[in-house]
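Listed below are the residues making up each chain.
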Amino acid sequence: MFNAIKKFCRRYPVSRMAVALLVLSVGSAAIGAKELSVEELKARLASASTGERPHLCVEIAEKQFSSANKFYAEGETEKGQAALTDVAVFSESARDNSIQSGKHLKQTEIAVRLMTRKLTDLKHRVTHDEQTEVQGTIDRLQRVRDDLLAAMFHKGDK
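Here's a quick rundown of the structure. (Residues numbered from 1 in each chain as written. Predicted model: local features only at pLDDT ≥ 70, side-chain atom pairs only at ≥ 80, totals over all residues. Heavy atoms only, no water.)

1. Looking at unusual backbone geometry
Logical step 1: Although it is not a glycine, His104 sits at a positive phi angle of roughly 60°.
Logical step 2: On the secondary structure map, His104 appears in the loop between helix H5 (77–101) and helix H6 (105–125). (Helix = DSSP H or I, 4+ residues; strand = E, 2+ residues; numbered from the N terminus.)

2. Comments concerning the pattern of salt bridges
Logical step 1: For the structure on display, the rule yields 8 salt bridges.
Logical step 2: The partner of Arg145 in a salt bridge is Glu109, with the nearest N and O atoms 2.8 Å apart. In this pair, Arg145 sits in helix H7 (residues 128–152) while Glu109 sits in helix H6, placing the two residues 36 residues apart along the sequence.
Logical step 3: A single salt-bridge network, built from bridges that share partners, covers Arg95, Asp96 and Asp147. (Salt bridge = Lys/Arg side-chain N within 4 Å of Asp/Glu carboxyl O.)

3. A word on H5
Logical step 1: Along its 25 residues, H5 runs 36 Å from first to last C-alpha, staying within 8% of the 36 Å computed at 1.5 Å per residue.
Logical step 2: The first or second residue beyond H5 is Gly102, which carries a positive phi of 75°. (Expected span 1.5 Å × (residues − 1).)

4. Side note on the nonpolar core
Logical step 1: Ranked by internal contacts, the top residues of the largest apolar core, which has 32 residues, are Leu119, Leu122, Val134 and Leu141.
Logical step 2: Among the elements of the structure, helix H3 (38–47), helix H4 (53–74), H5, H6 and H7 are those that each provide at least two residues to this core.
Logical step 3: Per element, the largest residue contribution to this core is 9 residues, and it comes from H4.
Logical step 4: The contact partners of Leu119, leaving out residues within four places of it in the chain, are Phe65, Leu84, Val134, Thr137, Ile138 and Leu141. (Core = buried A, V, L, I, M, F, W, Y, C linked by side-chain atoms within 4.5 Å. Buried < 20%, exposed > 50% of the residue type's maximum accessible area, 1.4 Å probe, protein only. Contact = heavy atoms within 4.5 Å.)

5. Some remarks on the packing of H5 against H7
Each pair of packed helices can be described by the angle between their axes along with the distance between the axes.
Logical step 1: Packing of H5 against H7 leaves a shortest axis separation of 10 Å and a crossing angle of 5°. When the interaxial angle is binned, H5 and H7 end up roughly parallel. On H7, the residues that touch Thr77, Gln81, Leu84, Thr85, Val87, Ala88, Val89, Ser91, Glu92, Arg95, Ser98 and Ile99 of H5 are Glu130, Glu133, Val134, Thr137, Arg140, Leu141, Arg143, Val144, Asp147, Leu148 and Ala151.
Logical step 2: Its residues assigned to classes, the contact of H5 with H7 comprises 10 nonpolar, 6 polar and 7 charged. (Axes fitted to C-alpha atoms, helices over the stretch in contact; angles between N-to-C directions. Parallel < 35°, antiparallel > 145°, perpendicular 65-115°, else oblique. Nonpolar A, V, L, I, M, F, W, Y, C, P; charged D, E, K, R; others polar.)

So this is what it looks like as structure tokens:
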């Protein structure tokens with residue numbers, strides 16, 4: 001492989017350092033490309049530090065939202081409701097861990113806001129009976145956002 005890089009550098013006026021950085025970035029992207037399942041993320045969450053937990057909780061909530069979306073599209077309401085419960089629970093956990101650690105408040109709020117918008121879209125695609133469950137999850141996520149915003153923009157004692 002290194003001989004190929006040397007030939008490339010001789011043929012094209014590119015520094016070896018630039019090529020090496022490109023090779024390293026492509027290699028590291030390929031390594032990090034493996035998607036973890038919800039169960040694997042939950043296992044990592046148990047041993048993660050407080051600062052790492054918000055990101056993991058958000059990732060679990062987003063994966064569960066995707067599952068809920070799929071379940072509702074397939075007409076599997078009970079599985080969709082269970083996935084929505086996980087969305088709310090892990091969003092609340094992300095909020096709690098963000099506030100506790102003081103890290104990732106903004107990123108967590110943005111992720112929860114996007115999930116809230118997607119849930120609003122989902123609410124318009126499900127039956128009237130299923131809308132109640134989706135609206136309950138939207139309400140829980142809105143409270144999560146309110147708490148995160150309050151933590152980010154709290155007024156200090158004057």
